[in-house]
Amino acid sequence: MELFGIAKFERFFRLAASLDVDKDDLRRFDEFVNDKIYDLLLRGVANAKANGRDVVEPQDLPITKGLQESIHAFESIDEDVSMDAILEQVTRRPPLDLAYSDETRERLPQIAGGLGVALARTFRILDEKTKNPQSRHWEQATRVFDLLL
């Protein structure tokens, strides 16, 4: 299940960073966002445990200032991300040690959108002339996010 349909995905990347993407990029995008959400949830579990909680709350997720700004930018783009798609992808992963609260679950689509905005803008930072991200751009951007998140 995809986070966006192809038309919404293409529009989203145009609005976020003036990039042209295609349906092959949609698979990479879904994989990227789901990997990063899972990484954030893993850190959220560790933070919740360190604070003596048995449920991951939104404040447990390591949302940086930059990611928060990207979430706000996503909200201004006004696209919908499929909550069901996020939850389906997360449940395919090894189970987390803790459950996450309803509030945390409700924030996942905005976090996914913020990750998408940050990714799109990262392509432009890595190569400002990029119009259509190629495999090397995806690999570079993924390496940057793996380093920071």
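Look up: the structure comes first, before these words.
The following paragraphs examine the structure supplied in this document.

## Details of helix α5 (residues 102–126)
The α-helix winds at 3.6 residues per turn, so residues separated by three or four positions along the chain end up facing the same way.
Now for step 1: Its 25 residues place the ends of α5 36 Å apart at the C-alpha level, agreeing with the 36 Å of an ideal helix rising 1.5 Å per residue.
Now for step 2: In α5, a bend of some 35 degrees at leucine 108 exceeds every other bend along the element, and proline 109, a proline, comes one to four places later.

## Things to note about the pattern of salt bridges
Now for step 1: Counting across every chain of the model gives seven salt bridges.
Now for step 2: For arginine 53, the salt bridge is made with aspartate 60, and the minimal N-O distance between the two is 2.1 Å.
Now for step 3: Look at aspartate 60 and you get buried, because its relative accessible area is 1%.
Now for step 4: The salt bridge involving aspartate 127 is made with arginine 136; its shortest N-O contact spans 3.7 Å.
Now for step 5: The class for aspartate 127 is partly exposed, based on a relative accessible area of 23%.
Now for step 6: Bridged by salt links that share partners, the residues Lys36, Asp39 and Asp146 form one connected network.

## Re unusual backbone geometry
Now for step 1: In this structure, serine 18 takes a positive phi of about 55 degrees despite not being glycine.
Now for step 2: With respect to the helices and strands, the residue serine 18 is situated in the loop between α1 (6–17) and α2 (23–50).
Now for step 3: Of the residues examined, serine 18 reaches a relative accessible area of 41% and is grouped as partly exposed.

How each quantity is defined
- Residues numbered from 1 in each chain as written.
- Predicted model: local features only at pLDDT ≥ 70, side-chain atom pairs only at ≥ 80, totals over all residues.
- Heavy atoms only, no water.
- Helix = DSSP H or I, 4+ residues; strand = E, 2+ residues; numbered from the N terminus.
- Expected span 1.5 Å × (residues − 1).
- Bend = angle between axes of the 7 residues up to and from the residue.
- Salt bridge = Lys/Arg side-chain N within 4 Å of Asp/Glu carboxyl O.
- Buried < 20%, exposed > 50% of the residue type's maximum accessible area, 1.4 Å probe, protein only.

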